[in-house]
Amino acid sequence: LTSFWDQAPATLVSYSIHPTTHLLTRAAETSTAGFQAAHAAFHPEGTLLLVAHFLSGDLALFDTAGGALYAAPPRAVVPLPGPFRDAAKHGNARYEGPRAHGVAWTPCGTRAVACDAGAASMVWVFALEG
């Protein structure tokens, strides 16, 4: 993951390793469709990747099937449903609104959990459907 704060959407980049020299070569790149990617987690089966965006306050879901992960756009972008914080009351405008800070999958893979640093430190649970 690369992140450009608020200047451009974050990118997901893959590299290949040369079999004899072991040098890295950039293989593919795609936008994560959100700003400041803070964390990412693979589904327990390795079939999905979930990316948390701190500044845009959303999650991007990527399909990893067929090796298309780093070339295809996200399957879905889900905004965190958190309430907006009152920046004046909390004294920090940087945390106004949802701020996806971390993500994790449950061991069974049927749910994902997202930490929201901007919504009074809420934790959101999302069910995986379809």
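As a reminder, the structure under discussion sits directly above these lines.
The present account deals with the structure reproduced in this document. (Residues numbered from 1 in each chain as written. Predicted model: local features only at pLDDT ≥ 70, side-chain atom pairs only at ≥ 80, totals over all residues. Heavy atoms only, no water.)

## Let's talk about the sheet that holds strand E9 (residues 122-127)
What the three strands build is an open sheet, ordered E7-E8-E9; its pairing is antiparallel. Across the chains shown, the open sheet's two edge strands, defined by having one partner strand only, are strand E7 (100-105) and E9. Each strand of the sheet is rotated relative to its neighbour by a mean of 20 degrees, with strand direction disregarded. When E7 meets strand E8 (residues 111-116), the two strands line up antiparallel, connected through five bridges. Residue pairing across strands places Trp 105 opposite Ala 112, the latter belonging to E8. (Pairing = 2+ DSSP bridges. Helix = DSSP H or I, 4+ residues; strand = E, 2+ residues; numbered from the N terminus. Axes fitted to C-alpha atoms, helices over the stretch in contact; angles between N-to-C directions.)

## Re the packing of aromatic side chains
For the structure on display, the rule yields zero aromatic pairs. The ring of Phe 54 has Arg 99 sitting right over it, with the charged end atom 6.0 Å from the ring centre. (Phe/Tyr/Trp six-rings, centres within 6.5 Å; stacked < 30°, edge-to-face > 60°. Lys NZ or Arg CZ within 6 Å of the ring centre and 35° of its normal.)

## Observations regarding unusual backbone geometry
In this structure, His 22 takes a positive phi of about 60 degrees despite not being glycine. In this fold, His 22 is placed in the loop between strand E1 (11-17) and strand E2 (24-31). Relative accessible area serves as the criterion here: at 56%, His 22 is assigned to the exposed category. Even without glycine at this site, Ala 33 takes up a positive phi of about 65 degrees. For Ala 33, the location among the structural elements is in the loop between E2 and strand E3 (37-42). On the accessibility criterion, Ala 33 (40% relative accessible area) is partly exposed. (Buried < 20%, exposed > 50% of the residue type's maximum accessible area, 1.4 Å probe, protein only.)

## Comments concerning the environment of Thr 47
Its place among the elements puts Thr 47 in the loop between E3 and strand E4 (48-53). Spatially, the C-alpha atom of Thr 47 lies 5.0 Å from that of Thr 64, the residues being 17 residues apart in sequence. The residues contacting Thr 47, other than those within four sequence positions of it, are Phe 62, Asp 63, Thr 64 and Ala 65. (Contact = heavy atoms within 4.5 Å.)

## Looking at the environment of Val 77
Its place among the elements puts Val 77 in strand E6 (residues 76-79). The class for Val 77 is partly exposed, based on a relative accessible area of 38%. Excluding residues within four positions of it along the chain, Val 77 makes contact with Ala 33, Asp 58, Leu 59 and Ala 60.

## Topic: the sheet that holds E4
Strand order in the open sheet made by the four strands is E3-E4-E5-E6, with antiparallel pairing throughout. With one partner strand each, in any of the chains shown, E3 and E6 form the two edges of the open sheet. Across the sheet, the mean angle separating the axes of adjacent strands is 20 degrees when strand polarity is ignored. Of the pairings in the sheet, the one linking E4 to strand E5 (residues 58-63) comprises six bridges and is antiparallel in character. Note on E5: the bridge partner recorded for Leu 50 is Leu 61.

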